[in-house]
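Chain residues, written in single-letter form:
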Amino acid sequence: MIDIESLTKSYRGFTAVDDITFRARPGRVTGFLGPNGAGKSTTMRILVGLTPPTSGTATIGGRRFSSLPNPGREVGVLLDASAQHAGRTGREILTIAQRFMGLPRRRVDEMLDLVSLTPEEASRRVRNYSLGMRQRLGIATALIGEPQVLILDEPANGLDPAGIRWMRDLLRDYADQGGTVLLSSHLLHEIEVVADDIVVIGNGRIVAQGAKAELLQAAGSFVRSPRRDLLEMALERAGIATSPAGPDGLRAEAEAHQVGTVAFAAGAPVTELRPADGAGLEEMFLELTSDTQRDTPIQTTGDNRPQGAVA
Amino acid sequence: MSTLETTRATGAVSAAERPAPRGIPMTRIASTELRKMFDTRSGFWLMAGIAIAAVLATGAVVLFASDANLTYNSFAAAVGVPMTVILPIVAILSVTGEWSQRSGLTTFTIVPNRGRVIAAKAAVSVAVGVVSILLAAGIGAVGNLVGTAIAGVDPVWNLSVADVAEIVLANVLGLLVGFMLGVLIRGSAGAIVGYFVYSFVLPTLAALLAASQHWFRVLQPWVDFNFAQGALYNGSMKAQDWAHLAVTGAGWLVIPTALGVWLVMRSEVK
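Everything quoted here is computed from the prediction, not taken from an experiment.

Peer 1: I would appreciate a short explanation of the overall build of chain B in the present structure.
Peer 2: Counting secondary structure elements, chain B contains eleven helices and zero strands. For chain B, the α and β elements follow one another from N to C terminus as α-α-α-α-α-α-α-α-α-α-α. Projected onto the principal axes, the alpha-carbon positions of chain B cover approximately 75 × 50 × 30 Å. Looking at chain B as a whole, 39% of its 270 residues are labelled buried. Sequence separation of 24 or more characterises 76% of the internal contacts of chain B that already satisfy a separation of 6 or more.

Peer 1: Help me understand the interface of chain A and chain B, please; the structure alone is not making it clear to me.
Peer 2: Where interface size is quoted, it is often the accessible area lost as the parts come together. On the side of chain B, 38 residues touch chain A, which itself brings 42 residues to the contact. Those elements that place two or more of their residues in the side of chain A that touches chain B are α2 (90–101), α3 (106–114), α5 (131–143) and α6 (161–176) of chain A. Counted by class, the side of chain A that touches chain B contains 18 nonpolar, 14 polar and ten charged residues.

Peer 1: When you look at the sheet that holds strand β4 (residues 55–60) of chain A in this model, what are you seeing that I'm missing?
Peer 2: Sheet strands pair by backbone hydrogen bonding; their relative direction is either parallel or antiparallel. All names here are of chain A. Pairing is antiparallel across the open sheet formed by three strands, whose spatial order is β2-β1-β4. Looking at strand neighbours, the two that pair on one side only are β2 (14–24) and β4, the edges of this open sheet. Averaged over all pairs of adjacent strands, the angle between strand axes in this sheet comes to 20°, irrespective of strand direction. Where strand β1 (residues 2–11) meets β2, seven bridges bridge the pair, whose relative direction is antiparallel. Considered in β2, the bridge of K9 is made with V17. The strands that helix α1 (residues 40–47) touches are β1, β2 and β4; relative to β1, the one it contacts most, it runs at about 115°.

Peer 1: Explain the confidence of the model for chain A here, please?
Peer 2: Parts of the prediction with low pLDDT should not have their coordinates interpreted in detail. Averaged over all residues, the pLDDT of chain A equals 88, while 91% of them reach at least 70. A low-confidence stretch, residues 294–311 of chain A stays under pLDDT 50, and its non-local contacts, those more than four residues away or across chains, total 15 contacts.

Peer 1: Would you mind going over unusual backbone geometry with me for this structure?
Peer 2: Residue and element names in this part refer to chain A. Phi angles above zero are rare outside glycine, and D19 is one such case at about 55°. Position of D19 among the secondary structure elements: in strand β2. A positive phi angle, near 50°, is found at N203, a position not held by glycine. Here N203 shows up in the loop between β8 (197–202) and β9 (205–211).

Peer 1: Please clarify how the nonpolar core should be interpreted in this entry.
Peer 2: Soluble globular proteins tend to pack their nonpolar side chains together in the buried interior. In this structure, M111(A), A140(A), I151(A), L171(A), V79(B) and I92(B) are the most contacted members of the largest nonpolar core, which totals 131 residues. Top element by residues in this core is helix α4 (residues 72–100) of chain B. It accounts for 14 residues. Those residues in contact with M111(A) that lie beyond four places of it in its chain are L94(A), A140(A), L143(A) and I144(A). Listed in part, the 13 residues of the second largest apolar core include V223(A), A234(A), L235(A) and L250(A).

Peer 1: Mind showing me how you'd approach the packing of helix α3 (residues 41–64) of chain B against helix α6 (residues 114–151) of chain B here?
Peer 2: The packing of two helices is summarised by the inter-axis angle and the distance between the axes. Residue and element names in this part refer to chain B. Two numbers describe how α3 lies on α6: the axes approach to 9 Å, and their chain directions differ by 25°. In terms of orientation, α3 and α6 fall into the roughly parallel class. Considering how the two elements wind past one another, α3 and α6 form a crossing that is right-handed. Between α3 and α6, the contacting residues are I50, A51, A54, V55, T58, V61 and V62 on the first element and S132, L135, A136, I139, G140, G143, V146, G147 and I150 on the second. For the contact of α3 with α6, the residue count by class is eleven nonpolar, five polar and no charged.

Peer 1: Would you mind showing me how to read the sheet that holds β8(A) here?
Peer 2: Residue and element names in this part refer to chain A. If you trace the six strands from one edge of the open sheet to the other, you get β5-β6-β7-β3-β8-β9, paired in mixed fashion. Of all the strands in the sheet, the pair left with one neighbour each is β5 (75–78) and β9. If you compare each strand with its neighbour and ignore which way they point, the axes differ by 10° on average. Where α1 meets the sheet, its contacts fall on β3 (29–33), β6 (149–153), β7 (180–185) and β8, and the angle it forms with β6 comes to roughly 145°.

Peer 1: Teacher, can you tell me more about helix α10 (residues 225–233) of chain B here?
Peer 2: Counting along an α-helix, one turn takes 3.6 residues, and residues three or four places apart therefore face a common direction. Inspection of α10(B) places F225(B), N226(B), A228(B), Q229(B) and L232(B) among the buried residues, and these make up the whole buried set. Projected onto a plane normal to the axis of α10(B), the buried residues spread over an arc of 155° and lie on a single side.

Peer 1: Any chance you could explain the packing of α6(B) against helix α11 (residues 239–266) of chain B here in plain terms?
Peer 2: Residues and elements named next belong to chain B. One way to put it is that α6 packs onto α11 with a least axis distance of 9 Å and a crossing angle of 140°. Considering their axes alone, α6 and α11 lie oblique with respect to each other. For the pair α6 and α11, the sense of crossing is right-handed. Facing α6, whose interface residues are R114, G115 and I118, α11 presents V261, V264 and M265. Residue composition of the contact of α6 with α11, grouped by class: four nonpolar, one polar and one charged.

Peer 1: In this structure, what is going on with the environment of G49(A)? I would like to understand it.
Peer 2: With respect to the helices and strands, G49(A) occurs in the loop between α1 and β4. When the 21 C-beta atoms within 10 Å are taken as the criterion, G49(A) is described as buried. Ignoring sequence-local partners within four residues, the contact set of G49(A) consists of F65(A), S66(A) and P112(B).

Rules used in this analysis
- Residues numbered from 1 in each chain as written.
- Chains lettered and ligands numbered in written order.
- Predicted model: local features only at pLDDT ≥ 70, side-chain atom pairs only at ≥ 80, totals over all residues.
- Helix = DSSP H or I, 4+ residues; strand = E, 2+ residues; numbered from the N terminus.
- Buried ≥ 20, exposed ≤ 12 C-beta atoms within 10 Å, placed from the backbone.
- Contact = placed C-beta atoms within 7 Å.
- Nonpolar A, V, L, I, M, F, W, Y, C, P; charged D, E, K, R; others polar.
- Pairing = 2+ DSSP bridges.
- Axes fitted to C-alpha atoms, helices over the stretch in contact; angles between N-to-C directions.
- pLDDT = per-residue confidence, 0-100.
- Core = buried A, V, L, I, M, F, W, Y, C linked by C-beta atoms within 7 Å.
- Parallel < 35°, antiparallel > 145°, perpendicular 65-115°, else oblique.
- Left-handed = near helix turned anticlockwise from the far one by under 90°.
- Arc of directions from axis to C-beta.

Here's what the structure looks like:
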């Protein structure tokens with residue numbers, strides 16, 4: 001069990017993590033989702049004691065990471081697969097972890113096997129590894145001590161589709177056996193397919209959290225109309241809350257058939273109407289991402305004419 | 001891999017009944033840190049370089065020294081020079097690698113108590129230093145026997161155990177200077193440059209200053225760490241020399257090391 005409570009980390013004039021609270025439970029995969037720079041990695045570094053927090057606490061099984069007697073035996077950590085001495089071989093990196101943790105030597109071979117690194121690959125220096133191989137080695141290092149908790153920062157980066165599938169199955173199994181998994185990603189889909197619980201973070205704050213099923217259910221419906229203004233007013237009169245989504249779309253907190261009835265009565269032409277299953281999370285996530293994106297994407301109208309361009 | 005196999009390999013959570021793991025003993029941290037000093041190509045060659053340099057230096061004395069100079073003192077001096085450069089670099093890299101190569105991210109999550117890791121590195125560096133110097137002294141001794149046998153003169157053993165001990169101490173101090181710069185700067189290139197400035201540029205400047213300024217010449221033994229170490233190498237340490245060494249060592253080594261360790265303990269590992 002991982003508990004993050006009122007955690008804040010400020011640097012001079014900038015708050016990387018702003019009063020966040022969440023919990024990752026045993027037997028579940030908790031997805032930590034947010035755009036780049038949202039504060040995911042900082043939170044994870046604080047959790048494992050690499051960065052001191054400004055305030056708040058982060059505990060694992062009720063204890064601070066740094067007070068665990070042999071943390072590798074209880075918590076598997078992969079923060080950055082590239083952060084390894086480039087001159088060591090993959091096998092040597094695992095051997096160092098095995099020795100620090102006081103494990104039998106066979107664990108090294110078991111782990112190489114588990115992550116499908118061949119003996120030839122394992123005896124190569126990490127300098128010559130692809131990012132995917134580094135991720136596999138990182139996973140092996142995290143799992144070597146048979147921990148009950150896994151903390152993984154963007155573990156799918158650099159993996160090929162088969163590797164991503166393998167990772168997903170591994171994490172699923174691990175949680176099904178009662179393990180606690182906290183994994184971060186900046187890709188909604190990656191989290192959606194594996195997580196049981198989702199915590200969404202943006203600009204250092206948690207913007208949504210809960211069971212995946214709940215978060216996806218609360219989505220309502222999505223409707224597009226060239227007369228969005230008209231439709232918006234009509235829905236509002238009918239007591240249905242809406243929020244704009246995209247250039248001519250609306251998210252409406254009601255079933256699709258209700259929205260359709262209102263649109264018909266108001267005489268607003270509808271070009272698309274569907275349940276917004278998952279789209280709710282996606283829209284929210286896109287909004288978060290666009291806030292932090294440096295270059296705003298070009299807006300297009302329904303008939304693909306550029307809009308808002310310099311005349 | 002089937003679920004069953006995965007289960008056995010990850011061993012995940014059958015671990016609930018497992019007894020709480022015991023702490024990591026200091027000996028294990030130290031032995032693993034020792035391994036880390038040799039297990040990269042650069043680390044291995046740095047260590048091998050100690051022996052190679054000692055052999056080359058000994059060979060040079062055998063080839064070029066006059067018969068009168070074929071004494072153990074000459075051999076010891078020759079093998080000692082490369083040591084004063086290589087050993088501090090060994091100490092520097094053992095610390096800075098964790099930051100320059102970013103392996104600290106793993107090391108400090110496996111052993112969160114950074115003080116223990118740094119202490120282990122210091123202990124192992126000193127041990128490696130002492131063993132290296134004794135090895136080099138041994139190579140020098142062989143050279144002395146071989147060289148004098150070739151020249152057909154009697155070998156001269158004009159270095160006492162106390163002299164050797166002082167040379168060992170001088171080299172360990174140099175190594176600790178490297179260690180200090182390592183924890184203070186936490187970057188390989190910067191710390192190595194720092195070491196060369198510290199032990200080759202500063203003494204030259206101090207000598208120039210002492211030559212032109214009388215007040216500095218009087219003060220020098222109390223403020224110049226390199227100068228205060230001079231007597232260690234020529235085996236003439238007296239009570240006052242030890243006092244000079246202690247005072248300058250506090251300012252140039254102990255205090256900066258304390259500051260460096262403090263920075264290591266509280267800095268962010270990225």
